[in-house]
Amino acid sequence: MNYSESEVIEYIEEEDAKFIRLAFRDAFGVQKNISIMPGEIHKAFKEGIPINARVIRGFDGSSESTLYLKPDPSTISVLPWRPDSGRVLRMFCDVCDSEGKPFEADTRNILKKAVEAADAAGIEFRFGSEMEFYLFKTDDEARPTKIPYDEAGYMDIAPLDRGENIRREICLIIEEMGLSPERSHHERGPGQNEIDFHYGKPLKAADQITTMKMVVSTVADRNGLYADFSPMPLADKPGNGYHINIFAHDNEGNDVVKYAAAGILSKIKDITIFLNPTDASYNRLGNSTAPDKVNWSRNGGSELMFIDEVGGKTRVELRSPDALSNPYLVNALLIYAGLYGIENKISLPEEFSQESIMLPKSRKEAKNMAANSEFIRGILPSGIIDKYIS
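Residues numbered from 1 in each chain as written. Predicted model: local features only at pLDDT ≥ 70, side-chain atom pairs only at ≥ 80, totals over all residues. Heavy atoms only, no water.

1. A word on the overall build of the protein chain
- Secondary structure summary: the protein chain contains eleven helices and 15 strands in total.
- A compact globule built from 390 residues would reach a C-alpha radius of gyration of about 21 Å, and the protein chain, at 21 Å, matches this within 12%.
- Counting only C-alpha atoms and orienting by the principal axes, one finds that the protein chain spans roughly 60 × 50 × 45 Å.
- Nonlocal contacts in the protein chain, meaning residues at least 24 apart in sequence, comprise 70% of its contacts between residues at least 6 apart.
- By element, 46% of the accessible surface of the protein chain is carried by carbon and sulfur atoms, the whole surface being about 16900 Å². (Helix = DSSP H or I, 4+ residues; strand = E, 2+ residues; numbered from the N terminus. Rg over C-alpha atoms; globule rule 2.2 N^0.38 Å. Contact = heavy atoms within 4.5 Å. Areas by Shrake-Rupley, 256 points an atom, 1.4 Å probe, with all protein chains shown as cover.)

Laid out in structure tokens, this is it:
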């Protein structure tokens, strides 16, 4: 719901909030925030709260040393783990320049522009997210170890699955914050867990993943654990994926997601560095059931893309992104690649027909693909491209 400024102020008073966290993210999707007192909320809405652009990755290329955070009132929520008296609220923010214009390298703004492009084309995208993470024990000084919290396997139950109560607490907190977790379970690796979300509009889907990662890390810490989202926390075990379920319809309700899927397949090598941003990302690809080829199937094995048709609805699951990618940037790129497929009515190749075409095998190869891509240069600002390929 898009609350007005007066409604936000009323909500702050009702919740006895003493601090408001204004959250934003750097070029790689790492959440940042600044806390303000309730008396500053009018200034935040009208002028924005200043931040030092020079020390934020992706913002340091700005011609202005100061940028401004303007809160999105539709994202307001209470941080449930903070005190009941003197509560803390959180709102996601858009980053603006001194004239109040959206800052081009703010990845939330990049996603908004992608949604606008889809709207102009008469296409609605929806995304569902599946995020994996490991829970590790910490030592006596609360530093993370590589000792898994349990030795359970895929969809095991307690007592083998010691993360059951942790996941339950995470899901209840996320739900209390107004978001919609769908499922949770133990994954294949020891101490590895997964939480899935219902599909939603692209911006909300990215906000959900950002919130989820914050909640997971907080709940893990409160339980004396460490949550690890890196692509390959343990060299000989399954990596952490960020699987994305994609739905797309035109204004007349026609399912156009297969065209979108074909467009994504055609651009996947160009966008891989943004879906898999670290060196360790390429250790995950091709390991266990993580994909390393540009292909698709109806079986849902180790292919890049799984296409499921049930009850007249088509769901496309992209399985290459990992949990350290920036969900705002990922969703934006999938929209643009999907639109390319829809507008050009690109057909899917034959199932398994592209088995010989490989995803980039290293970060260096992925960077070179993006650096030489006209598609990437046409949709992303140079400040973001430079951060990923430098």
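Moving on from the coordinates now.
2. Some details on the side chain of D26
- Mapped onto the elements of the fold, D26 is located in the loop between strand 1 (17–25) and strand 2 (31–36).
- The exposure class assigned to D26 is buried, which follows from its relative accessible area of 2%.
- Within the structure, the side chain of D26 is placed 2.9 Å from the backbone nitrogen of F28, a separation counted as a polar contact.
- A polar contact of 3.0 Å, which involves the side chain of D26, links it to the side chain of R57.
- Excluding residues that lie within four positions of it along the chain, D26 makes contacts with K32, I56, R57, T107 and N326. (Buried < 20%, exposed > 50% of the residue type's maximum accessible area, 1.4 Å probe, protein only. Polar contact = N/O pair within 3.5 Å; in protein donor to acceptor, adjacent residues only side chain to side chain.)

3. Observations concerning the state of the cysteines
- Inspection of the entire model under this criterion finds zero disulfides.
- Unpaired in this structure, C96 has its nearest cysteine sulfur neighbour in C93, at a distance of 9.3 Å.
- Residue classification places C96 among the buried positions, given a relative accessible area of 6%. (Disulfide = S-S within 2.5 Å.)

4. Looking at helix 5 (residues 202–222)
- Its 21 residues place the ends of helix 5 30 Å apart at the C-alpha level, agreeing with the 30 Å of an ideal helix rising 1.5 Å per residue.
- Among the 21 residues in helix 5, 16 count as buried, and that is most of the element.
- Positive backbone phi, at 70°, marks G224, one or two positions downstream of helix 5. (Expected span 1.5 Å × (residues − 1).)

5. Overview of a negative patch on the surface
- Where like charges cluster on the molecular surface, the negative patch consists of E7, E10, E13 and E14.
- Summarising the element assignment, E13 is placed in helix 1 (residues 5–14).
- Residue class for E13 comes out exposed when judged on its relative accessible area of 59%. (Patch = residues over 30% accessible without salt bridge, like charges linked within 9 Å, V, L, I, M, F, W, Y side chains within 5 Å. Salt bridge = Lys/Arg side-chain N within 4 Å of Asp/Glu carboxyl O. Lys, Arg positive; Asp, Glu negative; His and termini not counted. Charge placed at Lys NZ, Arg CZ, Asp CG, Glu CD.)

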